[in-house]
Amino acid sequence: MQSPIMGRSCIDVKEETARKHSAIVPELLALHALTGCDSVAATYGIGKTKAIAVARKGYTLDQLGKPLANIVEVTEQATAFMGACYGITTPTSSMTKIRQKLWAQKTGKSTAAPKLCSLPPTTEVFEQNVRRAHHQVAHWYSALSGDPPTLAAVEHGWEADDTNKCLIPRNMEDGVSYAPEHILKLVRCGCTSERACRGGKCGCMGRQLPCTMFCTCGGGTACSNPFNITESATDHADIPDDSEEANDRAMDVDDEDDE
């Protein structure tokens, strides 16, 4: 590359950049995907520069993207790599333990509670992100061959939305609670309106947690928290489109759009 401004130095990309990073070139796609791309969520505070620095220290991602690799080994390798990005170099296979260590470090240095976004994701959430990265990198590696890998998206961090004919990212495996039961008892909203928990002012919805029986709204069918796991969708599945209740729900949606 040569600058159009006189007096600026020229940079030989092939000589300088490729030679300098030759040891990590085979894993650039893997670390790019794991730290955030179009189909994989990025982690707060962990960018490409940090990932490259960690890769140059010897942390590898050579299993990520290999269709025949064991997903457990892929996750363990990705956990060690991401832990090093957060400064945790002691061997561990649990992102939750890394999260706990960082919490202890941050609270030990300050009396103020650290921002939750500055902490690593939990093990359950990180595993889904690794699966999406694994699926994406496998397709990148096969781009030149024209023979895509036989990896099902629904088995690698995605869910099929048959209604909209698309894939949506899976936050966690089915049956995994968003938080321990005793935490859910502490985090509860006080929404009392007729259509409760419709906006960001709801304490549960703002923390991306479902409402429970401990909330003022009760977490029942009257609660509009989208993170609830209820049977409301199936309860209303047989309601005709021209029914009075269906019209009321349509009016509620229009009102939200107007707001």
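All values reported here derive from a predicted model rather than from experimental measurement.

(A) Quick peek at the confidence of the model for the chain. Confidence along the chain averages 81 in pLDDT terms, with 85% of residues attaining 70 or more. Note that pLDDT drops below 50 for residues 230-259; the model gives that stretch 14 contacts with residues more than four away or on any other chain.

(B) Quick peek at unusual backbone geometry. The phi dihedral of K165 is positive, around 55°, even though this residue is not glycine. The phi dihedral of Q208 is positive, around 60°, even though this residue is not glycine. When you line up the elements, Q208 lands in the loop between α8 (203-206) and α9 (232-235). Residue classification places Q208 among the exposed residues on the basis of a relative accessible area of 51%.

(C) Representation of helix α3 (residues 48-55). When α3 is considered as a whole, its buried residues turn out to be A51, V54 and A55. Along the axis of α3, the buried residues cluster in a sector spanning 100°; they form a single face. Structurally, α3 contributes buried residues whose contacts are with α2 (28-34) and α4 (71-85).

(D) Expanded view of the packing of α4 against helix α6 (residues 123-141). Direction vectors running N to C along α4 and α6 enclose 110°, while the axes themselves pass 10 Å from each other. In terms of their interaxial angle, α4 and α6 are classed as roughly perpendicular. For the pair α4 and α6, the contacting residues are I71, V74, T75, A78, T79 and M82 in the first and F126, E127, V130, R131 and H134 in the second. Of the residues contributing to the contact of α4 with α6, the split by class is 6 nonpolar, 3 polar and 2 charged.

(E) Here's a closer look at the state of the cysteines. Enumeration according to the criterion identifies 0 disulfides in this entry. We note that C204 lacks a disulfide partner, and the nearest cysteine sulfur, in C215, lies 3.5 Å from it. Owing to a relative accessible area of 0%, C204 belongs among the buried residues under this scheme.

(F) Focus on the nonpolar core. Ranked by internal contacts, the top residues of the largest apolar core, which has 30 residues, are L34, L61, L64, F81, M82, F126 and V130. If you list the elements that add at least two residues to this core, you get α2, α3, α4, α5 (95-109) and α6. In terms of residues, this core owes the most to one element, α4, which gives 6 residues. With sequence-adjacent residues up to four places away left out, F81 is seen in contact with L31, L34, A51, V54, A55, Y59, T60 and L61. One finds C202, C204, C215 and C223 within the second-largest nonpolar core, a separate group that totals 10 residues.

(G) Inspection of α5 at higher detail. End to end, α5 covers 21 Å across 15 residues, agreeing with the expected 21 Å (1.5 Å per residue, within 8%). The elements touched by buried residues of α5 are α4 and α6. For α5, the capping residue at the N-terminal end is S94, with a side-chain oxygen 3.3 Å from the backbone nitrogen of T96.

(H) Spatial organisation of the pairing of strand β1 (residues 158-161). In this sheet, strand β2 (residues 166-169) lies alongside β1 in antiparallel orientation, the contact comprising 4 bridges. Across the sheet, the residue bridging to W158 is P169, located in β2.

Cut-offs applied
Residues numbered from 1 in each chain as written. Predicted model: local features only at pLDDT ≥ 70, side-chain atom pairs only at ≥ 80, totals over all residues. Heavy atoms only, no water. pLDDT = per-residue confidence, 0-100. Contact = heavy atoms within 4.5 Å. Helix = DSSP H or I, 4+ residues; strand = E, 2+ residues; numbered from the N terminus. Buried < 20%, exposed > 50% of the residue type's maximum accessible area, 1.4 Å probe, protein only. Arc of directions from axis to C-beta. Axes fitted to C-alpha atoms, helices over the stretch in contact; angles between N-to-C directions. Parallel < 35°, antiparallel > 145°, perpendicular 65-115°, else oblique. Nonpolar A, V, L, I, M, F, W, Y, C, P; charged D, E, K, R; others polar. Disulfide = S-S within 2.5 Å. Core = buried A, V, L, I, M, F, W, Y, C linked by side-chain atoms within 4.5 Å. Expected span 1.5 Å × (residues − 1). Polar contact = N/O pair within 3.5 Å; in protein donor to acceptor, adjacent residues only side chain to side chain. Pairing = 2+ DSSP bridges.

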